[in-house]
Structures are given as C-alpha cells and as structure tokens.
Amino acid sequence: MKSLVLAATLAATAGMASAAAEKYVLDASHSQVVFSYNHLGFSTTFGMFSGFEGEIMFDQEDPSASSVTVSMPTMSMFTGWEKRDGHFMSDDFFGAAEGDMITFASTGIEVTGDNTAQITGDLTMNDVTQSVVLDAKLNQTGDHPQAGKPWAGFDATTTVLRSDFNLGSFAPFVSDEVEIVISIEAMKAE
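Nothing here was measured: the structure is a model prediction, and the numbers come from that model.

(A) Representation of the overall build of the protein chain in the model. Along the protein chain, the regular secondary structure elements total two helices and 10 strands. Sequence-ordered secondary structure for the protein chain, helices as α and strands as β, is α-β-β-β-β-β-α-β-β-β-β-β. Relative to its length of 190 residues, the protein chain is compact, with a C-alpha radius of gyration of 16 Å against a globular reference of 16 Å. Overall, the C-alpha framework of the protein chain stretches about 45 × 30 × 30 Å when taken along its three principal axes. Expressed as a percentage of its 190 residues, the buried residues of the protein chain come to 44%. Taking all contacts inside the protein chain whose residues are at least 6 apart in sequence as the whole, residues at least 24 apart take part in 64%. As presented, the protein chain carries roughly 9200 Å² of accessible surface, and 50% of it is formed by carbon and sulfur atoms. Here the protein chain holds 8 positive side-chain charges and 26 negative ones, and the gap between their average locations is 6 Å.

(B) Representation of the pairing of strand 5 (residues 67–73). Of all the seven residues making up strand 5, five are buried; the element is thus mostly covered by neighbouring parts of the structure. Judged from the five bridges that link them, strand 4 (residues 53–58) and strand 5 form a sheet pairing that is antiparallel. Bridge pairing in strand 5 places Glu-55 opposite Thr-69. Looking at chain direction, strand 5 and strand 6 (residues 101–111) are connected through five bridges and run antiparallel. Directly across from Ser-71, in strand 6, lies its bridge partner Thr-103.

(C) Layout of helix 2 (residues 82–89). Every buried residue of helix 2 is listed here: Asp-85, Phe-88 and Met-89. Considered in projection along helix 2, the buried side chains sweep an arc of 95° and stay on one side of the axis. Each element contacted by the buried residues of helix 2 is listed here: strand 2 (32–39).

(D) Local environment of the pattern of salt bridges. This structure, assessed with the given rule, holds three salt bridges. Here Glu-22 ties to Lys-188 by a salt bridge, and the two come within 2.7 Å at their closest N and O atoms. Placement of the pair is Glu-22 in strand 1 (residues 22–26) and Lys-188 in strand 10 (residues 177–188), with a sequence separation of 166 residues. Close ionic contact of Glu-190 with Lys-149 constitutes a salt bridge, the shortest N to O distance being 2.6 Å. Here Lys-149 lies in the loop between strand 8 (128–143) and strand 9 (150–161) and Glu-190 lies in the segment after strand 10, a separation of 41 residues in the sequence. Of the residues examined, Glu-190 reaches a relative accessible area of 86% and is grouped as exposed.

(E) Layout of the side chain of Ser-66. Of note, Ser-66 is situated in the loop between strand 4 and strand 5. One polar contact links the side chain of Ser-66 to the main-chain carbonyl oxygen of Met-57, over a distance of 3.5 Å. Within the structure, Ser-66 has its side chain in polar contact with the backbone nitrogen of Asp-59 (distance 2.8 Å).

(F) Just the pairing of strand 6, in detail. Pairing geometry for strand 6 and strand 7 (residues 116–125), over eight bridges, is antiparallel. Within strand 7, the residue paired with Ser-106 across the bridge is Gly-121. Linking strand 6 back to strand 7 in an antiparallel pair, the connection comprises four residues.

(G) Representation of the packing of aromatic side chains in the model. Applying the stated criterion to the full structure yields seven aromatic pairs. Considering the side-chain rings of Phe-88 and Phe-93, the 5.0 Å spacing of their centres and the 90° angle between planes classify their relative orientation as edge-to-face. Phe-93 matches Phe-88 in its accessibility class, with the two residues each being buried. An aromatic cluster is defined as three or more aromatic residues linked by ring pairs; in this entry it consists of Phe-35, Tyr-37, Phe-49, Phe-88, Phe-93 and Phe-170.

(H) The arrangement of a nonpolar patch on the surface in detail. Taken together, the side chains of Leu-40, Phe-42 and Phe-173 define a hydrophobic patch exposed on the protein surface, amounting to about 390 Å² of accessible area. Mapped onto the fold, Phe-42 is located in the loop between strand 2 and strand 3 (43–49).

The rules behind these values
- Residues numbered from 1 in each chain as written.
- Predicted model: local features only at pLDDT ≥ 70, side-chain atom pairs only at ≥ 80, totals over all residues.
- Heavy atoms only, no water.
- Helix = DSSP H or I, 4+ residues; strand = E, 2+ residues; numbered from the N terminus.
- Rg over C-alpha atoms; globule rule 2.2 N^0.38 Å.
- Buried < 20%, exposed > 50% of the residue type's maximum accessible area, 1.4 Å probe, protein only.
- Contact = heavy atoms within 4.5 Å.
- Areas by Shrake-Rupley, 256 points an atom, 1.4 Å probe, with all protein chains shown as cover.
- Lys, Arg positive; Asp, Glu negative; His and termini not counted.
- Charge placed at Lys NZ, Arg CZ, Asp CG, Glu CD.
- Pairing = 2+ DSSP bridges.
- Arc of directions from axis to C-beta.
- Salt bridge = Lys/Arg side-chain N within 4 Å of Asp/Glu carboxyl O.
- Polar contact = N/O pair within 3.5 Å; in protein donor to acceptor, adjacent residues only side chain to side chain.
- Phe/Tyr/Trp six-rings, centres within 6.5 Å; stacked < 30°, edge-to-face > 60°.
- Patch = residues over 30% accessible without salt bridge, like charges linked within 9 Å, V, L, I, M, F, W, Y side chains within 5 Å.

So this is what it looks like as structure tokens:
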C-alpha cells in the first residue's frame, strides 16, 4: 500500500545514484499503487493511492546504481466506499491528518534478469519505517510518442504486514497481509 510501492517500482532498475544516472520524474497521471487484502475470508478488497511525487535516478548501463524516492498523501487512499476510506483514516488505523505522507526511498537494487530487479528500500507510513523488497520489472524505455522525450515504465509487487506499521486492527478477520501492485511511468527531467 502507499507510495512505498509506487516509488519502489520506479527503482526497478535502481540502487545508488552514479555519474551515469539520469533524473526521471514520476508521471502521476499514469502511475498507480493498488493494494488488496482479504476481508473475513469472503472477499478480496482493493484500494489505491494517488497524488504521488517522486524521482528516479536511472542508470541504464548499470541499473544497480539507480535510486528511487516516492511520496504520496496518506489521505489520497481510495477504496470505492467513502465510509471505509473514513474508517481507514480514523484512529483505528492511520489516525491521518492533512499533510501526512507515505514515503519510499530505495537503499539498494539487485538486478535479477535482463529487465528485472529486487529493490530494497525504506517504506515509511503511520510514522513507522520498515525495510521492504519490491519485485520490479522494467517494462520499456524510449521516446514517448506524444511528449517527444525519454520515458520509462516499471511494474513492481510486494507484500507487507499491516501490523509492522501499527495498522493491524481487526486482524486476522481483516488480513494482516496486504498485497501491493505498482505500475508507474516516469519522464526524463529537463
């Protein structure tokens, strides 16, 4: 959940910034962080976050020398049911206030294939920071057909435990495990 995922995915080919790394900024209009969890064994419930910002220092020659940072407003969570959204922002879960952010910053990238990597990073949400690993894939790089400038697209997945972030209310009825799917686009900075 959260931006964590979002940022991490961009880093699909990231790690530490190097001299060859080029700055890319997230295209929030074509980037999503989607999460899902089991509800009482009856259904899988989905939600998403929006409003993220972030940058990738992308080294195409040495993806492990890349890095990614991402942030998104906690209160941007959308589940499709206003009462649920309000409950998640209550003291039962986030106790969120305007301005609270979820952040992700990569700490290392291990290239696992021609277009895959594991991105390790610090995910901070609900005032708790935990290390998470994203399974990331570089979808494509190239010139955007409309923008006419270099673009990159990444997907990533991870699973986190709500309880690791002091968000474990109602477990195990509402699963502690939350699956996160991230898909992002980023444009080369000017």
